[in-house]
Each structure stands twice: as structure tokens, then as C-alpha cells.
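Listed below are the residues making up each chain.
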Amino acid sequence: AVTPARQAEEVVRDALKNEVNVILKSSPVDLVTATDQKVEKMLISSIKEKYPSHSFIGEESVAAEEKVS
């Protein structure tokens, strides 16, 4: 879990250097960025490689009404 977390950290740090587009989810205080979505997908993908039978419910993907993976 440490390696994917460190990779996610790099993605977030890189995103902080660039302009961030924020999307509102359910209210003005419930926000999501493309970085949030990218990190979630990256972490799920990394864990699925090791544990292919596991299922995931991610905050950003559920908010976007995606199917539980």
C-alpha cells in the first residue's frame, strides 16, 4: 500500500503546481477535482492488480454514479 500511496502523493504534488478545475458534486461545499478522480482510479487499479476479486466503493466514482468496481 505504501508504493501506491507515494505515487498518489506525486500526482497530488504535481497538480498543486498547475491550475485546478473544481467541480461541484452535491453542494457548493462538496467539491471534486480531476486529481481526486485520477488518484482514486490509480489506487483502485493498483490494488486490483494484487487483489482482483476485491470490490471498491470510491467517493468520487460513486458521486459520479459509476458502477461499484
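Criteria and cut-off values
Residues numbered from 1 in each chain as written. Predicted model: local features only at pLDDT ≥ 70, side-chain atom pairs only at ≥ 80, totals over all residues. Heavy atoms only, no water. UniProt positions renumbered as here; feature names shortened; annotations may be inferred. Helix = DSSP H or I, 4+ residues; strand = E, 2+ residues; numbered from the N terminus. Buried < 20%, exposed > 50% of the residue type's maximum accessible area, 1.4 Å probe, protein only. Contact = heavy atoms within 4.5 Å. Expected span 1.5 Å × (residues − 1). Arc of directions from axis to C-beta.

Per an unreviewed UniProt entry, the protein chain carries the name Inositol monophosphatase and comes from Piliocolobus tephrosceles. According to the UniProt record, the Sequence similarities (unreviewed entry) comment for the protein chain reads "Belongs to the inositol monophosphatase superfamily." Looking at the protein chain in UniProt, the text filed under Cofactor (unreviewed entry) is "Mg(2+)".

Peer 1: Honestly, the environment of Val-32 in this entry has me stumped. Any pointers?
Peer 2: Relative to the elements of secondary structure, Val-32 occurs in strand 2 (residues 31-33). For Val-32, a relative accessible area of 4% gives the class buried. Separated by eleven residues in the primary sequence, Val-32 and Asn-21 have C-alpha atoms spaced 8.7 Å apart. Among all residues touching Val-32, those that are not within four sequence positions of it are Asn-21, Val-22, Ile-23, Lys-25, Gln-37 and Glu-60.

Peer 1: Would you take a moment to explain helix 1 (residues 2-16) for this structure?
Peer 2: Taking 1.5 Å per residue, 15 residues should reach 21 Å; helix 1 reaches 21 Å between its end C-alpha atoms and fits that length. Among all positions of helix 1, only Pro-4, Ala-8, Val-11 and Ala-15 are buried. Projected down its long axis, helix 1 carries its buried residues within an arc of 55 degrees, all on one side. For helix 1, the exposed residues set more than 90 degrees away from the buried face come down to Val-2, Thr-3, Arg-6, Glu-10, Arg-13 and Leu-16. Along its buried surface, helix 1 packs onto helix 2 (34-50).

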